[in-house]
Amino acid sequence: MSLFDDRRFAPEDRPPPPVPQRPTPAKMREAVQGCRACDLWEGATQAVMGEGARHAPLMLVGEQPGDREDIEGHPFVGPAGKVLDRGLEQAGIDHDRVYITNVVKHFRYRARGKRRIHQKPDRWQVSACLPWLEAEIAMVHPDALVCLGATAAQALLGSQVRIGRDRGRPMPSELAEHVTVTAHPSSILRAEDDRDRQEAMAQLVADLRNVAAWLSAR
Ligand code: URA
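What counts, and at which threshold
Residues numbered from 1 in each chain as written. Predicted model: local features only at pLDDT ≥ 70, side-chain atom pairs only at ≥ 80, totals over all residues. Heavy atoms only, no water. Near = heavy atom within 4 Å. Polar contact = N/O pair within 3.5 Å; in protein donor to acceptor, adjacent residues only side chain to side chain. Areas by Shrake-Rupley, 256 points an atom, 1.4 Å probe, with all protein chains shown as cover. Nonpolar A, V, L, I, M, F, W, Y, C, P; charged D, E, K, R; others polar. Phe/Tyr/Trp six-rings, centres within 6.5 Å; stacked < 30°, edge-to-face > 60°. Lys NZ or Arg CZ within 6 Å of the ring centre and 35° of its normal. Pairing = 2+ DSSP bridges. Helix = DSSP H or I, 4+ residues; strand = E, 2+ residues; numbered from the N terminus. Contact = heavy atoms within 4.5 Å. Axes fitted to C-alpha atoms, helices over the stretch in contact; angles between N-to-C directions.

*Asks:* Kindly report on the site of the ligand, identifying the contributing residues and their values.
*Replies:* The ligand sits among Gly62, Glu63, Gln64, Pro65, Gly66, Glu69, Pro75, Phe76, Asn102 and His184. In this structure, an oxygen atom belonging to the ligand sits 2.8 Å away from a main-chain N or O atom of Glu63. Note that a nitrogen atom of the ligand is positioned 2.9 Å from one of the backbone N or O atoms of Gln64. Calculation on the ligand without its partners gives an accessible area of 230 Å², and the protein chains cover 92% of this total. Its residues placed into classes, the shell around the ligand shows three nonpolar, five polar and two charged.

Given below as structure tokens:
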């Protein structure tokens, strides 16, 4: 397995993530709550492990849980998750065939009054968390894997990846037979106006349809 891994940035005094030797979804969900491999557990309500069919043909990888996900303990259940659900539905991809996860399992945010504002994870935090994703990929062994947004794409495929340039086309990777990148659903929520939003959604759906077509042709 060749996850892009840059441990140069990780402080050396952190314990390794307690990934179970023989991962099952239940064991992983429990073990991740004890993870202290980076500092993000300190501010988070809980760690959020990926979910979905144990041997799903398609794995979707986002960045990190958001505010809702942190509270509810499930991936992609907040506003970005609603966009993703619509994208999957429009692309004709059944939720039963998907395993959804993130590269980082704890929510990173900055407190502003009562609000918690999303912050991108640092590279060392991404790096420290990667063994969880590595275990998820080995457990699910998906045929196709889609990175949602730059954090996932660069963590898994290298820092040279650009969503605008590389989206939708197969990327060289050993993580799965078919690996692609697309925009993060939250970028659709940030679109400036309705026209941009519709266009961004149409692109996401087109990228997901291509993956669906690849899956059904095999
Ligand atoms: N954004 C992500 O990348 N993942 C989630 O689970 C929610 C929002």
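*Asks:* How would you summarise the packing of aromatic side chains if you had to cite specific residues and measurements?
*Replies:* By the definition in use, this model includes one aromatic pair. The residue whose ring lies beneath Arg36 is Trp41, and the NZ or CZ to ring-centre distance is 3.7 Å. Stacked on the ring of Tyr109, the Lys or Arg Arg116 has its end atom at 4.8 Å from the ring centre.

*Asks:* Before we move on, could you go through the sheet that holds strand S2 (residues 58-62) and cite the residues and values that matter?
*Replies:* Spatially, five strands are ordered S1-S3-S2-S6-S7 in an open sheet, and the strand pairing comes out mixed. Lying at the two open borders of the sheet, with one neighbouring strand each, are strand S1 (51-52) and strand S7 (178-182). Where S2 meets strand S3 (residues 98-102), five bridges bridge the pair, whose relative direction is parallel. Bridge pairing links Val61 to Thr101 in S3. Contacting S2, S3 and strand S6 (144-148), helix H4 (residues 123-140) crosses the sheet at an angle of about 170° to S3. The strands that helix H5 (residues 150-157) touches are S2, S6 and S7; relative to S6, the one it contacts most, it runs at about 125°.

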